[in-house]
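Coordinates in review
Listed below are the residues making up each chain.
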Amino acid sequence: MNTQPAILSPRLTRTFMEHLKRRSRATLGTGRNVSPGAARLERMLNEALDAVAREVRPKVMYRMLPVRSLTGKSIRTDAGAVKSVKLARLAQNCRGDVFVVFVIATLGEAFEDLYRRETSLSGQFIIDAVGSECAELVTDGWNNKWNSLIKRRGHECSLRFSPGYCDWKLEGQTVIFGALDADAIGVTLTKDYLMIPAKSISAVALAAKKVPAAAPCAFCRSRSCPWRRMEFTGVP
Ligand code: SF4
């Protein structure tokens with residue numbers, strides 16, 4: 001398996017922008033009524049989408065590293081440890097050599113410029129919502145490509161997990177930034193583990209010959225967890 005970092009520059013195609021529009025509309029609740037206020041929001045949304053298509057050039061950087069050891073509490077790689085009991089449990093139940101893929105996707109400084117240029121609060125609200133959806137879709141697009149690649153190599157993979165999610169603390173950003181030279185795509189980490197530009201997503205996913213479930217939620221009995229991504233199916 002190639003462990004070298006790779007950088008992609010995904011294009012914001014017409015299909016992507018149509019999808020982004022549908023997602024942004026759902027988030028903002030526009031397009032559902034014909035009041036003058038809703039029509040104005042729809043116009044502002046279209047303007048924000050046009051500006052994103054014209055100016056934003058997303059970047060995605062990723063790298064796969066082999067798991068060196070599993071302690072039950074963490075997943076150790078050459079870049080450092082992913083400290084999550086839940087993810088470690090999923091990794092322990094994988095079959096064959098286990099890998100961690102590290103990824104950072106960003107809309108870049110151009111999106112921040114767009115946001116700064118907007119002077120109205122409602123305009124900023126809309127651009128912010130479009131940016132969040134756009135960053136998710138860019139990362140989803142990378143995820144789909146990576147999943148296909150890994151399947152062609154006879155492996156399975158998990159869903160992606162970001163620091164701050166489940167039992168993985170936000171400090172986990174340091175292992176992702178240890179694995180990837182994020183400067184190369186213009187992303188930096190603050191001392192509070194926040195990314196700049198803000199419309200950036202960092203995550204890891206597991207890959208192995210056999211991954212027993214897409215998410216550790218399959219083995220987790222937590223009833224009240226707001227992040228649950230799949231039903232409890234029992235201990236593997
Ligand atoms: S149900 Fe919640 S706590 Fe349990 S593994 Fe899933 S995200 Fe983590």
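These notes cover the structure that comes with them. (Residues numbered from 1 in each chain as written. Predicted model: local features only at pLDDT ≥ 70, side-chain atom pairs only at ≥ 80, totals over all residues. Heavy atoms only, no water.)

**Re the overall build of the protein chain**
A tally of helices and strands in the protein chain yields 6 helices and 10 strands. Its C-alpha atoms give the protein chain a radius of gyration of 19 Å, within 12% of the compact-globule value 18 Å for 236 residues. The dimensions of the protein chain, computed from C-alpha atoms along their principal axes, are 55 × 40 × 35 Å. Across the 236 residues in the protein chain, those meeting the buried criterion constitute 44%. Excluding contacts between residues fewer than 6 apart, the proportion of contacts in the protein chain whose partners are at least 24 apart in sequence is 71%. Of the roughly 12,400 Å² that the protein chain leaves accessible, carbon and sulfur atoms contribute 51%. (Helix = DSSP H or I, 4+ residues; strand = E, 2+ residues; numbered from the N terminus. Rg over C-alpha atoms; globule rule 2.2 N^0.38 Å. Buried < 20%, exposed > 50% of the residue type's maximum accessible area, 1.4 Å probe, protein only. Contact = heavy atoms within 4.5 Å. Areas by Shrake-Rupley, 256 points an atom, 1.4 Å probe, with all protein chains shown as cover.)

**Regarding the sheet that holds strand S7 (residues 156-157)**
The pairing of strands in a sheet happens through backbone hydrogen bonds and is either parallel or antiparallel. Taken together, 5 strands build an open sheet; the order of strands is S1-S2-S6-S10-S7 and the sheet is antiparallel. In the strand order of this sheet, the two ends are held by strand S1 (6-8) and S7, each with one partner. On top of the sheet, helix H5 (residues 121-152) reaches S1, strand S2 (59-66), strand S6 (99-106), S7 and strand S10 (200-208); it is set at about 20° to S10, its chief contact. (Pairing = 2+ DSSP bridges. Axes fitted to C-alpha atoms, helices over the stretch in contact; angles between N-to-C directions.)

**A closer look at the sheet that holds strand S5 (residues 80-82)**
As summarised here, the arrangement of the 3 strands in space is S3-S4-S5, forming an open sheet in which the pairing is antiparallel. Unpaired on one side and paired on the other, strand S3 (69-70) and S5 mark the two borders of the sheet. Bridge count for S3 against strand S4 (residues 75-77) is 2 bridges, and the pairing is antiparallel. When the bridges of S4 are listed, Ser-69 appears paired with Arg-76.

**What about helix H1 (residues 14-28)?**
When the terminal C-alpha atoms of H1 are compared, their 21 Å separation across 15 residues agrees well with the 21 Å that a helix rising 1.5 Å per residue should span. Of the residues making up H1, those classed as buried are Phe-16, Met-17, Leu-20, Ser-24 and Leu-28. Take H1 and look down its axis: the buried residues cluster within an arc of 90°, on one side only. Of the exposed residues in H1, the ones pointing more than 90 degrees away from its buried face are Thr-15, Arg-22 and Ala-26. Once H1 ends, the next one or two residues include Gly-29, with phi positive near 75°. (Expected span 1.5 Å × (residues − 1). Arc of directions from axis to C-beta.)

**Quick word on the side chain of Arg-160**
When you line up the elements, Arg-160 lands in the loop between S7 and helix H6 (173-179). Polar contacts involving the side chain of Arg-160 include one to the side chain of Glu-136, which spans 3.0 Å. A distance of 2.8 Å separates polar atoms of two side chains, one belonging to Arg-160 and the other to Asn-143. In contact with Arg-160, not counting residues within four places along its chain, are Glu-136, Thr-139, Asp-140, Asn-143, Ala-203, Val-204, Ala-205 and Arg-229. (Polar contact = N/O pair within 3.5 Å; in protein donor to acceptor, adjacent residues only side chain to side chain.)

**Side note on the side chain of Thr-139**
Along the chain, Thr-139 falls in helix H5. In this structure Thr-139 comes out as buried when scored by relative accessible area, which is 1%. Setting aside residues up to four positions removed in sequence, Thr-139 forms contacts with Ala-105, Arg-160 and Ile-201.

**Regarding unusual backbone geometry**
Pro-197 follows Ile-196 through a cis peptide bond whose omega is 0°. When you line up the elements, Pro-197 lands in the loop between strand S9 (195-196) and S10. Notably, Cys-166 is not glycine yet its phi reads approximately 55°, a positive angle. Topologically, Cys-166 is positioned in the loop between S7 and H6. Positive phi values are uncommon outside glycine, yet Tyr-193 reaches one of about 70°. Residue position: Tyr-193 is located in the loop between strand S8 (188-189) and S9.

On their own, these measurements won't tell you what the molecule is for.
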